Amino acid sequence: MRRLRIGLYVLALLLGCAVVFGGVLVQREHQDRQRAAADQERYGDVLDAARAEVQAFVNIDYTKAQESIDAVAAGATGDFAKQYDTSTKDVVKILTKAKSVMEGTVLWAGVVDSDQDSASVIVATSGTVANTSTGNKPVARQFRIKVDLVREGGSWKTSNVEFVG
């Protein structure tokens, strides 16, 4: 009888340990899924912000030059925003004089690196540019652009833009 009680006690103890272990595994799986979902959402937000910024960057029309410039500036922050603001002071005059129209679309974008507050994205575009130097005829242009972003106030803003090979 005593052996039976000891055996039942050991069995109950083992079952209790198995239940606790199973609970820990379920909790970890749940946390991993939540983390993966948050990462996926962050990646989507980063890609959306990078695409929007580059889309604005590669679509400039001299007839709406300030609108084009404002679209890029709206997604910019930090040193990039300051540098962009400084460099666009005379751009409206130059665009108008050259009758420049650049039209482009984002072909693809991919996250290179990302954490909670910063990300780097490579974006490929295809489009055309037409101005007085091209005889106002569209000439094909493709760009690969590295966009660095930071999270500001719950949204992603561009902190740097770099043309890459």
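Residues numbered from 1 in each chain as written. Predicted model: local features only at pLDDT ≥ 70, side-chain atom pairs only at ≥ 80, totals over all residues. Heavy atoms only, no water.

A. The arrangement of the overall build of the protein chain in detail. Summing up its helical and strand segments, the protein chain has four helices and five strands in all. Going from N to C terminus, the protein chain has its helices and strands arranged as α-β-α-α-α-β-β-β-β. Relative to a compact globule of 165 residues, whose C-alpha radius of gyration would be 15 Å, the protein chain shows 27 Å and is clearly more extended. A principal-axis box enclosing the C-alpha atoms of the protein chain has dimensions of 105 × 30 × 25 Å. Classification of the 165 residues of the protein chain by burial places 28% in the buried group. When contacts within the protein chain are restricted to residue pairs at least 6 apart in sequence, long-range pairs at least 24 apart make up 55% of them. Here the protein chain displays about 10,800 Å² of accessible surface, and carbon together with sulfur accounts for 57% of that area. (Helix = DSSP H or I, 4+ residues; strand = E, 2+ residues; numbered from the N terminus. Rg over C-alpha atoms; globule rule 2.2 N^0.38 Å. Buried < 20%, exposed > 50% of the residue type's maximum accessible area, 1.4 Å probe, protein only. Contact = heavy atoms within 4.5 Å. Areas by Shrake-Rupley, 256 points an atom, 1.4 Å probe, with all protein chains shown as cover.)

B. Representation of the pattern of salt bridges within the structure. Tallied over the entire structure, the rule returns three salt bridges. Ionic pairing is found between R33 and E29, a salt bridge with its closest N-O pair at 2.8 Å. Of this pair, R33 and E29 both sit in helix α1 (residues 2-57), four residues apart, which is roughly one turn of the helix. The class for R33 is exposed, based on a relative accessible area of 58%. (Salt bridge = Lys/Arg side-chain N within 4 Å of Asp/Glu carboxyl O.)

C. Structural detail: the pairing of strand β3 (residues 118-130). For β3, the buried fraction is high: ten of the 13 residues fall into the buried class. Counted along the chain from strand β2 (residues 101-114) to the antiparallel partner β3, the turn is three residues long. Pairing geometry for β3 and strand β4 (residues 139-152), over twelve bridges, is antiparallel. Across the sheet, the residue bridging to T125 is F143, located in β4. (Pairing = 2+ DSSP bridges.)

D. Highlighting the packing of aromatic side chains. With the rule as written, the count across this model stands at four aromatic pairs. A ring pair is formed by F143 and F163, whose centres lie 5.4 Å apart and whose planes are at 65°; its orientation type is edge-to-face. Taken together, the positions of F143 in strand β4 and F163 in strand β5 (residues 155-164) put the pair 20 residues apart, joining distant regions of the chain. Owing to a relative accessible area of 23%, F143 belongs among the partly exposed residues under this scheme. For F163, a relative accessible area of 46% puts it in the partly exposed group. One aromatic cluster is present, formed by F57, F80, Y84, F143 and F163 through successive ring pairs. (Phe/Tyr/Trp six-rings, centres within 6.5 Å; stacked < 30°, edge-to-face > 60°.)

E. Layout of the pairing of β4. One ladder, built from nine bridges, connects β4 with β5; its direction is antiparallel. Bridging across to β5, K146 finds its partner in E162. The hairpin formed by β4 and β5 contains two residues between the paired strands, and G153 there has a positive phi angle of roughly 55°.

F. Here's a closer look at the sheet that holds β5. One open sheet accounts for five strands, arranged β1-β2-β3-β4-β5; its pairing is antiparallel. The open sheet has two free edges, formed respectively by β1 (60-61) and β5, since each of these has just one partner strand. Where α1 meets the sheet, it contacts β1, β2, β3, β4 and β5, and its direction lies at approximately 155° from that of β2. (Axes fitted to C-alpha atoms, helices over the stretch in contact; angles between N-to-C directions.)

G. View of a nonpolar patch on the surface. Residues M1, L4, L8, L11 and L15 make up a contiguous nonpolar surface patch of roughly 560 Å² in combined accessible area. Mapping L15 onto the fold places it in helix α1. (Patch = residues over 30% accessible without salt bridge, like charges linked within 9 Å, V, L, I, M, F, W, Y side chains within 5 Å.)

This is a description of form; function is not addressed.
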